[in-house]
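Chain residues, written in single-letter form:
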Amino acid sequence: MGNDQANKNLKIVLFLCTWGPHAAFQQLQDKDCRIPAQVKMVRIPCSGRVSKALLFKPFEMGADGVVLVGCGSGVCRYGVGSITAEKNVADTRKILDLLGLSRKRLRLGAFSPEEPQALLDFLNGFIEEVGAIGKSPVIRPVKPEKHNDHSLAIKEIIQKHDVYSCQECGKCSSACSLTLAGKQYSPRAIANAIIGGKVDDPQVQKDVWACLTCGICYERCPSAVNFPEFIRDVRAVIKSAQGNGNEAHGGFFGSLSRTMTSPEIKGNHWNWLPEDIKTDSSSKVLFFGGCAPYFDIFFKNHLAPSTLDSVSDSLRLMNFFDIHPRVLDDERCCGHDLLWTGDRENFLKLAKLNVDAINQSGAEEVIISCPEGYRTFVKDYPQAGLDMQFKVTHIHEFLEREISKGSVGFKSLDRKITFQDSCRLSRHMEMAEPARKLLARLSPLSFTEMTDSGAGAICCGNCAWSGCDSFSKALQVKRLRQARETQGDLLVTSCPKCQVHLRCAMKDPFFGKDLEIEMMDLTSVMAKTICWE
């Protein structure tokens, strides 16, 4: 197929500002100019209103290229629209590079009403450039078939999790972080409502999506009703019927994960790796890093997180013990967020791709630093019936195993520290102690637990990027105040999402200064102080 014919098959989405650029585009239409047929135009009020999530969405749906056209710098009707657009495009292009789709598939332009020909030349030039890259390898996700009557599926979920054994004692509601934050919310009431056939009630569905799935209700339940997994399965039924979940950040992270289900995507997941970190493509130990690279890019302009440090410092610690692990260049998301927001079909696609890739690599052990990734590999993949020909170890377990062999010490840390437990580790996996064993090996000025810790720790206020509201913000504020009450000056974490969510609360315009505290992942603290004795 010739280049001209190949280019005709391209799908290009044009986000066009309704002010100056649209006037130029209108002139092209009025003069019957040959606007490329590949271009599908979407009018927008301002280029700055097109978020990273919206810029990325067409790629999830199979677009070969995306163009954002706004007004020039200094002439934006809304003041900072062009500046915001520049930042969003720059960040999204980095994300496209990580995915292996190429930043060249996304371009930003600025045109005035007097530049119709320049706009046309710009579009034709972009099509030529995208054509040189080729069609996108992304396969548009197929939406699950909708079923109006899902009563049978709900009954099976109730039986599966033995929700009928609920004693209505109220211990779940009395421990629920959302309830304690003042939200009119009760796990017991939700369970009873769903048992009573009210899953379609708007308030019940709203509460189903609000659940943090943190697991403290399950930890306190005398009947051992696994409410988080019950909620997870109910969400899958609701999503199959309605098609959407209550996803924050414009649904970006769901789009990102679904895009990764395309088998032909060949990512550049580790193109940021520092030169001092050593890996070995023939190693029998594989390190699975998770989605931290995407978190740092997505949130950098607002929160400036450093979640990538937990990944790089985990690798540095492995190198310290003379282990140069293998990494997967095209590593994908583990699928945790898809599973917990009801998209089980695409979760299974990701899970199979991950397991097949690791099995084919010949790795015998997989080390994971992300709590959600660890839970997903250890619990959810086997439950999905996947044949995992490798064992999975959390980085905390690995470090304790190596340190206990002896000859390792830690330099003094001139900080007063406290610790934020991850829900997935402390409750879902009952692994609150490994982190504390490592904390006990450090030499800080002091280590003081917060009021709620271990299996009773307060959640950071969000799960799978869904259900973020004023009550989850109240949880974050409460948790940060507990950290400050310890008189500590360093909050040690074990989960990248805890860092993102707690840092978000620190941006509160009223309480921010009272909540600020430096955060660092436990692996980073250890990497900076570990030494041979």
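Residues numbered from 1 in each chain as written. Predicted model: local features only at pLDDT ≥ 70, side-chain atom pairs only at ≥ 80, totals over all residues. Heavy atoms only, no water.

Caption draft 1: Structural detail: helix α22 (residues 470–485). The terminal C-alpha atoms of α22, which comprises 16 residues, lie 22 Å apart, in line with the 22 Å expected from a rise of 1.5 Å per residue. Packing partners of the buried residues in α22 comprise α8 (177–180), β9 (412–419), β11 (490–493), α23 (496–505) and α24 (512–515). You can read the cap of α22 off the contacts: a side-chain oxygen lies 3.0 Å from the backbone nitrogen of Phe471, and it is on Asp469. Gln487, located one to two residues past α22, shows a positive phi value of around 70°. (Helix = DSSP H or I, 4+ residues; strand = E, 2+ residues; numbered from the N terminus. Expected span 1.5 Å × (residues − 1). Contact = heavy atoms within 4.5 Å. Polar contact = N/O pair within 3.5 Å; in protein donor to acceptor, adjacent residues only side chain to side chain.)

Caption draft 2: Structural view of the sheet that holds strand β12 (residues 518–521). Taking strand neighbours across the sheet as the criterion, the four strands line up as β10-β9-β11-β12 in an open arrangement whose pairing is parallel. Both edges of this open sheet fall to β10 (443–447) and β12, since each of them pairs with a single strand only. For this sheet, the mean inter-axis angle between neighbouring strands, taken without regard to orientation, is 45°. Taken together, the three bridges between β9 and β11 define a ladder with parallel strand orientation. Of the residues in β11, the one forming a bridge with Thr418 is Leu491. Running at roughly 175° to β12, α23 makes contact with β11 and β12 of the sheet. (Pairing = 2+ DSSP bridges. Axes fitted to C-alpha atoms, helices over the stretch in contact; angles between N-to-C directions.)

Caption draft 3: Structural context of the domain arrangement of the protein. Domain assignment breaks the protein into domain 1 (4–133), domain 2 (151–242), domain 3 (257–401) and domain 4 (407–532). Here the C-alpha centre of domain 3 lies 33 Å away from the C-alpha centre of domain 1. Across the boundary between the two partners, domain 1 contributes 14 residues, which contact 16 residues of domain 3. A buried area of about 1400 Å², summed over both sides, lies between domain 1 and domain 3, and 61% of it is on carbon and sulfur atoms. Glu60 is paired through a salt bridge with Arg258; the nearest N and O atoms lie 2.7 Å apart. (Domains from an automatic or database assignment. Buried area = accessible area lost by both parts, 1.4 Å probe. Salt bridge = Lys/Arg side-chain N within 4 Å of Asp/Glu carboxyl O.)

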